[in-house]
Amino acid sequence: KATEALRPGARVDVRVRSYPYTYSVLIRDVAEGRRIVCEVRPFGVTIVSTYDVTPLQSGSRLRHTIELSGPLERAYRLVEGPYTRMLHEETRKVAELAQQGGDG
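Since the structure is predicted, the reported quantities are computational estimates derived from the model, not experimental observations.

Once that is clear, we can look at the layout of surface pockets. Roughly 210 Å³ of internal volume is contained in the second largest pocket. For the lining of the second largest pocket, the secondary-structure elements that each account for two or more residues are strand 5 (59–69), helix 1 (73–77) and helix 2 (80–99). Considering each element in turn, the lining of the second largest pocket owes the most residues, six residues, to helix 2. Here the residues of the lining of the second largest pocket are counted per class, giving six nonpolar, five polar and two charged.

Quick look at the structure:
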């Protein structure tokens, strides 16, 4: 849930159904309608997610990439399956918000 405009430096509280906690996301970069880069810092790792939107004649393509870094990066890779499922859900929600014009 965003309590302010999405801009670099803003924070958004995120709650994904498959994850039992709300977490704070730092917005690193925004190109309205084209790209958003955000960062979360759970214990021992920094996770940077990038969402790139490419317009197509039939709609849009959403590409989601992640980067992990930090001392516990390898430990987080052990939970890659559940984390990947959570990211799919998160990406689906981002696509729904984009389709609604960001008012969700």
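Per-chain confidence: the chain averages 81 in pLDDT, with 87% of residues scoring 70 or above. The least confident element of the chain, judged by mean pLDDT, is helix 2 at 74; the most confident is strand 3 (residues 35–40) at 92.

Rules used in this analysis
Residues numbered from 1 in each chain as written. Predicted model: local features only at pLDDT ≥ 70, side-chain atom pairs only at ≥ 80, totals over all residues. Heavy atoms only, no water. 1 Å grid on protein atoms, 1.4 Å probe; cavity = no way out; pocket = protein on both sides within 12 Å on 5 of 7 lines; lining within 4 Å. Points joined across faces, edges and corners; volume = space filled by probe spheres on them. Helix = DSSP H or I, 4+ residues; strand = E, 2+ residues; numbered from the N terminus. Nonpolar A, V, L, I, M, F, W, Y, C, P; charged D, E, K, R; others polar. pLDDT = per-residue confidence, 0-100.

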